[in-house]
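A look at the structure
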Amino acid sequence: MSSSSPAPASPVAPAPAYAERLTLPWWAWPAGLAVAGLLAAELWLGATGVRAWLPFVVLIPAAVAGLARLGRIRIAVRDDELWVDDAHLPVRYVADVVPLDAAGRREVLGVGSDPLAFVVQRPWVGGAVQVVLDDPADPTPFWVVSTRHPVELATAILTARDAS
């Protein structure tokens, strides 16, 4: 019998305190594909040869790629940072987090907006959070991030800030 040592445990990344993906609503897919199909048909208009199939071959995949890109934004709170797509913010610079409903988001992005604010807004998502920053080296006053669960995201950010 040969003795074998136990295999070393593989490092497991800690689960994020909060994770969300801002996907498109289901109705955007058929609407976007219908618009691409209508545009391809307009370009075709009974032509023969390459003009008969090229608009469909180009526009339908382009519409799928565009719709997929619109629904790729991920939001997470992990490793003491707020991640919004490729941007990340260490939670130690967070002064406060305000959950916003649709009316609050409209006010923050309208009358109360600041041109230096970092905004990731998706119009099909009703809620948002406003993350007020406390970093003297950064001119960005706040972040506004769309989310379907503003209270949960705000709680996760503040919990991560208080824990670090």
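On a predicted model such as this, the values are computed, not experimentally measured, just so you know.

1. Description of the overall build of the chain
- The secondary structure content of the chain amounts to 4 helices and 8 strands.
- Along its sequence from the N terminus, the chain presents helices and strands in the succession β-α-α-β-β-β-β-α-β-β-β-α.
- For the chain, the spread of C-alpha atoms along the three principal axes comes to 75 × 65 × 30 Å.
- Relative to its 164 residues, the chain shows a buried fraction of 32%.
- For the chain, long-range pairs separated by at least 24 residues make up 65% of all intrachain contacts whose partners lie at least 6 apart in sequence.
- Within the structure as shown, the chain displays about 10,100 Å² of accessible surface, and the carbon and sulfur contribution to it stands at 63%.
- Between the averaged position of the 12 positive side-chain charges in the chain and that of its 16 negative side-chain charges there is a distance of 11 Å.

2. Focus: the side chain of T147
- Tracing the backbone shows T147 in the loop between β8 (142-146) and α4 (150-163).
- For T147, the side chain forms a polar contact with the side chain of Y18, separated by 3.1 Å.
- Filtering out sequence-adjacent residues up to four positions away, T147 remains in contact with Y18, E20, L22, V125, G127, A128, V129 and L153.

3. A look at the sheet that holds strand β3 (residues 81-84)
- Here 4 strands make up an open sheet; going across it, the order is β1-β2-β3-β4 and the pairing antiparallel. Strand pairing shows two members of the sheet lacking a second neighbour, β1 (18-21) and β4 (87-90), which therefore form its edges. Across the sheet, the mean angle from the axis of one strand to that of its neighbour is 10 degrees, orientation sign disregarded.
- Direction of pairing for β1 relative to strand β2 (residues 74-78): antiparallel, over a ladder of 4 bridges. Residue A19 lies in a different strand from β2, and its bridge partner there is A76.

4. Examining the pairing of strand β7 (residues 128-133)
- When you tally the buried positions in β7, you get 5 out of 6 residues, the bulk of the element.
- Summarising the sheet, β7 and β8 pair through 5 bridges and their orientation is antiparallel. Opposite Q130, over in β8, you have V144 as the bridge partner.

5. With respect to the packing of aromatic side chains
- Within this structure, the stated rule accounts for 2 aromatic pairs.
- Both rings, one in F118 and one in W143, keep their centres 4.3 Å apart while their planes meet at 45 degrees; by these two values the pair is tilted. Within this pair, whereas F118 is found in strand β6 (residues 118-120), its partner W143 is found in strand β8, the two being separated by 25 residues in sequence.
- Taking the relative accessible area as the measure of exposure, F118 reaches 27% and is therefore partly exposed.

6. Topic: the pattern of salt bridges
- Tallied over the full model, the rule gives 2 salt bridges.
- The partner of R72 in a salt bridge is D85, with the nearest N and O atoms 2.7 Å apart. On the criterion of sequence distance, the pair formed by R72 in the loop between α2 (50-70) and β2 and D85 in the loop between β3 and β4 is long-range, its members being 13 residues apart.
- With its nearest N and O atoms 3.2 Å apart, the salt bridge here joins D162 to R161.
- Residue classification places D162 among the exposed positions, given a relative accessible area of 57%.
- R161 gets classed as partly exposed once you look at its relative accessible area, which sits at 22%.

7. Focus: unusual backbone geometry
- A positive phi is found at D79, a non-glycine position, where the angle reads about 50 degrees.
- Taking relative accessible area as the criterion, D79 reaches 57% and is therefore assigned exposed.
- A positive phi angle, close to 60 degrees, is found at D80, a residue other than glycine.
- Mapped onto the secondary structure, D80 falls in the loop between β2 and β3.

So, how was this worked out
- Residues numbered from 1 in each chain as written.
- Predicted model: local features only at pLDDT ≥ 70, side-chain atom pairs only at ≥ 80, totals over all residues.
- Heavy atoms only, no water.
- Helix = DSSP H or I, 4+ residues; strand = E, 2+ residues; numbered from the N terminus.
- Buried < 20%, exposed > 50% of the residue type's maximum accessible area, 1.4 Å probe, protein only.
- Contact = heavy atoms within 4.5 Å.
- Areas by Shrake-Rupley, 256 points an atom, 1.4 Å probe, with all protein chains shown as cover.
- Lys, Arg positive; Asp, Glu negative; His and termini not counted.
- Charge placed at Lys NZ, Arg CZ, Asp CG, Glu CD.
- Polar contact = N/O pair within 3.5 Å; in protein donor to acceptor, adjacent residues only side chain to side chain.
- Pairing = 2+ DSSP bridges.
- Axes fitted to C-alpha atoms, helices over the stretch in contact; angles between N-to-C directions.
- Phe/Tyr/Trp six-rings, centres within 6.5 Å; stacked < 30°, edge-to-face > 60°.
- Salt bridge = Lys/Arg side-chain N within 4 Å of Asp/Glu carboxyl O.

Nothing here speaks to function; it is all geometry.
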